[in-house]
Each structure stands twice: as structure tokens, then as C-alpha cells.
Amino acid sequence: MAGAGVAAAIGAQVAAPGAQAHAEASIANIPTNIYQTLANIPAVQYQALQQTTKAFNDSGNWWVYIPTNVVGFDQQDYEKVKAISLLLMPVPLVANAQSDQLWMTLASFAPMTPNCTGVPGPCSDPLYFLQYGQVPAWELVTGYTFPEISNTIDPNDATYTTADGTVVNIQPFWSGETVHLDLLGPLKAVWETLTQDPTGVQQGPTTAQWASAYGDFAEAVWNGLNPFVPGTYCLPCQLFGAQGAPGSLPKFGLFGKYYTAFDLGQQLTDGNWVENPAPGYDDPDRPDYVQVTNLWTAQAWQQIYTDAVTSVDQSLAMIPQLPTLIPQNLEAFGTQVDAFAKLLAANVVTNINGLGQAAGMTGTSAEQLAEMIRESILNAVPTAGSAAGSTGTTTPALAATSPTTAVKSSVTLSSEQALRGTSASVTPTTTTSTSSPSTTGTTPAVSTPTASTPTASTSAPSTSTPSTTTSSGAPSTSSSESGSSTASSSTASSSTASSGTASSGTTDSGANGSGAASTSTSESTSSTGSSSNTTSSGGSSSSTGSAPAPYVGKHRAAD
């Protein structure tokens, strides 16, 4: 209750109008989902109570012999497992993961078999329960394929009509199916519940709805567990007037035949299946059919005496054959012991290998859980992209995408690069200038020239691939066409030599340089633009008459 109060206080804020919506599978959804999970408990438990009631009604009375009450795990047992799991754990995803583990284990551990459909009868195999527990747990983890099975009481019909007229499915859907039991399934369900896209708070039931649901549930439980019904298997109840099924009487085998000592004159029904029986269900050819004789009748004692005499005669006839039979039996026993030892060794190896495979698959499941956690954390991070802030700066993108069209950008070169290129033989003096990175984007950056008189140049443009930069001095305007996804800034170093008066100036980007302005055009084929330090050299040239760029502070006069 304390946790619910805290969650309600948090939820009032996170679920308020205008609350930010987050992507599915995001840790940002955890506060909202905690609140919603706790707030939805009444509604979920109300639904689970109704499902449990339906499962009890579909199963019918547990004391009678009907297709919905088979010895072994049947379709109605599956319904009860799913409903009760949700009732005890009112978190749908977690309850579903837990019930998957439970029903797979029960269906493989206690299968339905045609030679025993009722206990203590009809059951032609007194060692029936040795068939339980034959599937190791590791096989469920690595993948277990159920055999082809059907409802052993009514293998021919797909449905059965219950006492209240409801038509239910009775054939197991897992027949022939392969299942995988995930040991970490409930943990994955917990994380998915916490990080999934919030679904909202459901309307809880009213007091009248609760009262009606509990009344229906109590009635279903009573109808299912009440032993005083026709065809009951409850032996004490038969002594108090309830009609029992003939197969409900415990039996024992003697000389290959079955007898019962519990037929004390109580009322018995005509057959074992008393509610909507299918035709031919009491056919002696059924695998589970057993003929049982009342021990307190003359017929039974006469049969026992005859069988005993026959058995003694057969035993006496075998005495002369003992010298031959004993060695044969000893040899057969030795063969069985040897086969058992080999089978045991093979089973040990198989189980060791199976456990290793199961451990590997559990490790893979753990990696999947870790991946779920990683993705939910990444989904909580703001989406990739850049948006200009109030200061004019941008946020770098998490991932860049190459555009399909060329992006034009402005590239500013030094005067000597523009005038002479790289063909000159004179080794220039290298001066490194530093510039601030330009704004990332697709809009070309164009520098504004000052009122200086540029010196014309007839030399070819530089063949180097310059990066976007802004240099100082009288700017040179150049046009560059690039396939880069983003226009980046770089620091270029150029060499200048001037015989005239060289003046140094400062531009917006803070880069220092000198030289006259020139105009050149270059084409870059680089797929991506990056910020780098580039040193380029050009021919040295003497230039006269160049006007220095006036210093106008941080912004140009044109700005």
C-alpha cells in the first residue's frame, strides 16, 4: 500500500496532461509504467477472477469421469494455469511468462496416455505413474517436441458440451508442437512491462461487480469440487448415498484378472462417463478398458480357484525344463543388465551434453535481456539531429547520412593559393592560421568581402581539396561543390610572400592571414567533410598595389 501511494504521487505528475511521450521500450517510460501497473491491479485481478471462474466451469466436476477431467495434463488444466497465474500475479506480461514455464513443465511431466484415463479406474496399466517425469528439464530449454496426443477419454471429438451447456475445446493444442522454455522469460517480461509504451489506466471494477464476480467464482469452485454428484469417484461419499462410477472402485490384479473389494452394495451408475457420453466410450476394445469382478461374489471365488489350479499345473509342468530354463533366464538377465548399463551411460552423456546446451541457450537469453536493456536506454536518449540554439551554436548529430545531391559550400583560400596554386617552384614560408569551426549544415557559408581592391590573377586554381574555412585579411570568395554530407571547417596554413605592403586583419572566425582577395573555383569529391588541419603550399609571387582590409572589430561594416 505504501508503494501504491508513492507510485500514485509520481504517476499524478508523469501521467498528467502534457507529459512528454517517449518511444516504445524506453527507460523514460518506467515511472509511468510503475504507476499504471499498480493502478491497473484492480482491473487486471477482476479480469483474472473472471477467467479463473470460466476455467473451473469449463473443467466441470473434478470427481467424475469426463473429457475435461482426464488423468494427466489436459486442455482445461492449461486454462486453469493461465487464469490462476494472472490472478496471483496481476501483471499480464509477467503472469504470461510464468504460466508458460508452468504449463510446459506440467504437460511434459504428466502426459495423457490412452492406457490410463482415470484413477483408480479405468486404468489398464497399474504402473501408469512410471510414465511421469520422463522429459528432463534441459530438454524443455533446448526445445522439446510433444508427441502426437489426443484427449484420451474422447479422442475423436474436438469439443465437449459441459453440464451448463458450454461448448469447450478438449484436444490439446500442443500436440506435435515444439516448445522452448525460457528460464529468463519472467525477467524479460518485467523489463518489458517497465519500458513498454504506456497503455493507460484501466477503469477498475465497482463494488457490485466485485460482489458478482466473487459470487460466480464461489459457485464455479463448488460445482467443481462437490463430490456428491452421480458418477463420483469419492468412495466415502458413495457410502452416504451418492452414486459412484463403476471404475471408481479400487482394484487389484490376480492371475491376470482384476478384482475389487470395495463394491459394498452402494449405488453405482451404468457407466463411468455419465455427463453427455460419446457413443462407444465403454467399448471393450478401448486401451483403458478393464473388466473388474466384485470379490464378494461366488463368481469371483470360482474364477480365482480355477486360475490358481491352472497356475499350479503350469508350474509343475515346468519342473523338468528347469535345467534348460535356468541358464536361459540367467543369460537373458545378464543381457538385460548389460543393456541397462549401456543405456545408463548413454543417458549420463546425453544429460551432460543437454545441460551444456541449455546453459548456452540461457546465456543467449541473457544476452537478449541485456540487448533489451541497452535499447531501452538508447531510446531514452534524444533523437539524433542538430538544432540551432539561442547562441547560434548547433548540437552535433549522433549519426550522419550522406545526401544524394551535391552540397555547395564556400571555400576561402589564401591569396597565394588562389594566385599561384601549387605549381610554383619557390618554397614558401608556412604560416598557420586558426579558425573557429563553421556551423554544420547544408547551407553554404559565404564570407563578405571588405572594400579592398583585389589583384587579378591569371594563374590556375589550386588542385588541392580545401576544407571550408574562413581566413583573415581581405577575404577571397570561392565556390566549391562537394558531395560531403556536412560542410565542416578546417584550419588551413598558407604561405605568402609579398613585395608590397601586406596588411593583416581579423575576420568573424578569428583567423589571421594576409594577402589580396582572389576568386577561385574548386570541386571536391570527398564523401564526408571533417574538421582537419591542412597545410598547402603555393608559388610565391610579388604583388603590389593591394589594399589592406580595414579592421572593423568583430563584425564587418557590411554586417
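The helix and strand inventory of the protein chain stands at twelve helices and 15 strands. Taking all 559 residues of the protein chain together, the buried fraction comes to 35%. Pairs at least 24 apart in sequence give 78% of the contacts found in the protein chain among residues at least 6 apart. For the protein chain, the computed accessible surface area is about 30,900 Å², with 59% contributed by carbon and sulfur atoms.

Here the focus is the environment of asparagine 40. Looking at the element boundaries, asparagine 40 is found in the loop between helix 2 (30-39) and helix 3 (41-59). For asparagine 40 and valine 201, which are 161 residues apart along the polypeptide, the C-alpha to C-alpha distance reads 6.0 Å.

Counted by the stated rule, this structure contains 20 aromatic pairs. Each ring, one from tryptophan 103 and one from tryptophan 174, has its centre 5.6 Å from the other, and the planes form 45°; the classification is tilted. With tryptophan 103 in helix 5 (residues 92-109) and tryptophan 174 in the loop between strand 3 (167-169) and strand 4 (178-179), this pair connects stretches of sequence that are 71 residues apart. Residue classification places tryptophan 174 among the buried residues on the basis of a relative accessible area of 1%. Ring centres of phenylalanine 129 and tyrosine 132 lie 5.4 Å apart, and the angle between their planes is 85°; this geometry places the pair in the edge-to-face category. A relative accessible area of 18% places tyrosine 132 in the buried class. An aromatic cluster of at least three residues, connected via ring pairs, comprises Phe73, Tyr78, Trp103, Tyr144, Phe146, Phe173 and Trp174.

Let us now look at the sheet that holds strand 7 (residues 292-294). As summarised here, the arrangement of the three strands in space is 5-6-7, forming an open sheet in which the pairing is mixed. In this open sheet, the two edge strands, each paired with only one partner strand, are strand 5 (252-254) and strand 7. Each adjacent strand pair in this sheet contributes to an overall mean axis angle of 45°, direction not counted. Inspection of the sheet shows strand 6 (residues 257-260) paired to strand 7 by three bridges, in the parallel sense. For tyrosine 259, the partnering residue across the bridge sits in strand 7 and is threonine 293. Running at roughly 145° to strand 6, helix 10 (residues 298-317) makes contact with strand 5, strand 6 and strand 7 of the sheet.

Here we come to the pairing of strand 6. Strand direction decides the pairing type here: strand 5 and strand 6, joined by three bridges, are antiparallel. For leucine 254, the partnering residue across the bridge sits in strand 6 and is lysine 257. Hairpin connection of strand 5 to strand 6: two residues between the antiparallel strands, including phenylalanine 255 at a positive phi of 55°.

Here the focus is the nonpolar core. If you look at the biggest cluster of nonpolar residues, it comprises 15 residues, and the most contacted ones within it are Tyr65, Ile66, Ile153, Tyr160 and Trp273. Those residues in contact with tyrosine 160 that lie beyond four places of it in its chain are Ile66, Pro67, Thr68, Thr166, Val167, Val168, Ile170, Trp273, Glu275 and Asn276. Ranked by size, the runner-up nonpolar core spans 13 residues in total, among them Phe73, Tyr78, Val135 and Tyr144.

Take the state of the cysteines next. All chains considered together, the criterion is met by two disulfides. Paired by a disulfide, cysteine 116 and cysteine 123 hold their sulfur atoms 2.1 Å apart. Looking down the S-S bond of the cysteine 116 and cysteine 123 bridge, the torsion is -115°, so its handedness is left-handed. Residue cysteine 123 is classed as buried on the basis of its relative accessible area of 9%. Across a sulfur-sulfur distance of 2.4 Å, cysteine 234 and cysteine 237 are joined as a disulfide pair.

When pLDDT is averaged along the protein chain, the result is 73; 64% of the residues meet or exceed 70. Considering only residues more than four positions removed or in separate chains, one finds that residues 1-22, a stretch of pLDDT under 50, has 17 contacts. The model gives residues 422-559 a pLDDT under 50, and that stretch makes 263 contacts with residues more than four places away or in other chains.

Here we take up the pattern of salt bridges. Taken as a whole, this structure holds eight salt bridges when the rule is applied. Note that lysine 82 and aspartate 100 form a salt bridge whose closest N and O atoms lie 3.7 Å from each other. You can see lysine 82 sitting in helix 4 (residues 75-88) and its partner aspartate 100 sitting in helix 5, a full 18 residues away along the chain. Judged by relative accessible area, lysine 82 falls into the partly exposed class, the value being 21%. We classify aspartate 100 as partly exposed; its relative accessible area is 24%. The salt bridge partner of lysine 188 is aspartate 182, with a shortest N-O separation of 3.0 Å.

Moving on, we get to unusual backbone geometry. For phenylalanine 255, which is not glycine, the phi torsion reads 55° and is therefore positive. Topologically, phenylalanine 255 is positioned in the loop between strand 5 and strand 6. The residue asparagine 276 is not glycine, and still its phi comes out positive at about 50°. The residue asparagine 276 is located in the loop between strand 6 and strand 7 in this model. Of the residues examined, asparagine 276 reaches a relative accessible area of 42% and is grouped as partly exposed.

With that out of the way, let us pick up the side chain of lysine 80. Summarising the element assignment, lysine 80 is placed in helix 4. Take lysine 80: its relative accessible area is 9%, and that puts it in the buried class. For lysine 80, the side chain forms a polar contact with the side chain of serine 59, separated by 3.1 Å. Setting aside its immediate chain neighbours within four residues, lysine 80 contacts Ala55, Ser59 and Trp62.

Conventions we followed
- Residues numbered from 1 in each chain as written.
- Predicted model: local features only at pLDDT ≥ 70, side-chain atom pairs only at ≥ 80, totals over all residues.
- Heavy atoms only, no water.
- Helix = DSSP H or I, 4+ residues; strand = E, 2+ residues; numbered from the N terminus.
- Buried < 20%, exposed > 50% of the residue type's maximum accessible area, 1.4 Å probe, protein only.
- Contact = heavy atoms within 4.5 Å.
- Areas by Shrake-Rupley, 256 points an atom, 1.4 Å probe, with all protein chains shown as cover.
- Phe/Tyr/Trp six-rings, centres within 6.5 Å; stacked < 30°, edge-to-face > 60°.
- Pairing = 2+ DSSP bridges.
- Axes fitted to C-alpha atoms, helices over the stretch in contact; angles between N-to-C directions.
- Core = buried A, V, L, I, M, F, W, Y, C linked by side-chain atoms within 4.5 Å.
- Disulfide = S-S within 2.5 Å.
- pLDDT = per-residue confidence, 0-100.
- Salt bridge = Lys/Arg side-chain N within 4 Å of Asp/Glu carboxyl O.
- Polar contact = N/O pair within 3.5 Å; in protein donor to acceptor, adjacent residues only side chain to side chain.

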